[in-house]
Amino acid sequence: PLLQGSHFVVIVFSLMKRMSFNRVDEYVQKVREQSQTCKLILIGTNSDLAKMIGLTSDDAKEKAREHNMKYFATTKDDTSTIDKIHEYIILQTPKV
């Protein structure tokens, strides 16, 4: 299986494109068919532009709660979120 031995799966979508957001459930289902133990991370890109189309970080946070995922929103101008994602992964990775 593709996810064998994986600890995390990152699902990325654009907050500017509702179609990509609407496919999150599909991707979660595909992951869960292969692994019940992988932690899921949901990342919404273009969070600085999302309000232009009516999709908000609140929508994404709710989706993340539905699937027990950690949610991060990113913008092209703020790279600090990438550091937060790395930190989360490091802290949540099982120690061997």
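A quick note: this is a predicted structure, and the numbers were derived from the prediction, not measured.

J.: It is not clear to me how the nonpolar core should be interpreted in this structure. Could you clarify?
T.: It is characteristic of soluble globular proteins that their nonpolar side chains tend to be buried jointly. Judged by nonpolar contacts, the single largest core of 17 residues is most densely connected at Val9, Phe13, Val24, Leu42, Met69 and Tyr71. Those elements giving two or more residues to this core turn out to be β1 (8–14), α2 (24–34), β2 (39–45) and α3 (57–66). With residues up to four places along the chain from it excluded, the contact list for Phe13 reads Ser20, Phe21, Val24, Leu42, Ile43, Gly44, Thr45, Leu55, Ala60 and Tyr71. With 6 residues, the next largest nonpolar core counts Ile41, Ile43, Phe72 and Tyr88 among its residues.

J.: Looking at this structure, how should I read the pattern of salt bridges?
T.: Working definition: two side chains of opposite charge can pair if their charged atoms are close together. Following the criterion strictly, the structure yields 6 salt bridges and no others. The closest approach of N and O atoms between Asp25 and Lys63, which form a salt bridge, is 2.9 Å. You can see Asp25 sitting in helix α2 and its partner Lys63 sitting in helix α3, a full 38 residues away along the chain. Judged by its relative accessible area of 11%, Lys63 is buried. Glu62 is paired through a salt bridge with Arg65; the nearest N and O atoms lie 3.1 Å apart.

J.: Quick question: what am I supposed to make of the pairing of β2 here?
T.: Put simply, side chains in a regular strand alternate between the two faces of the sheet. Across the 7 residues of β2, 5 count as buried, placing the element largely inside the fold. In the sheet, β1 pairs with β2 via 7 bridges, with the strands oriented parallel. Along β2, the bridge assignment pairs Val9 with Leu40.

Rules used in this analysis
Residues numbered from 1 in each chain as written. Predicted model: local features only at pLDDT ≥ 70, side-chain atom pairs only at ≥ 80, totals over all residues. Heavy atoms only, no water. Core = buried A, V, L, I, M, F, W, Y, C linked by side-chain atoms within 4.5 Å. Buried < 20%, exposed > 50% of the residue type's maximum accessible area, 1.4 Å probe, protein only. Helix = DSSP H or I, 4+ residues; strand = E, 2+ residues; numbered from the N terminus. Contact = heavy atoms within 4.5 Å. Salt bridge = Lys/Arg side-chain N within 4 Å of Asp/Glu carboxyl O. Pairing = 2+ DSSP bridges.

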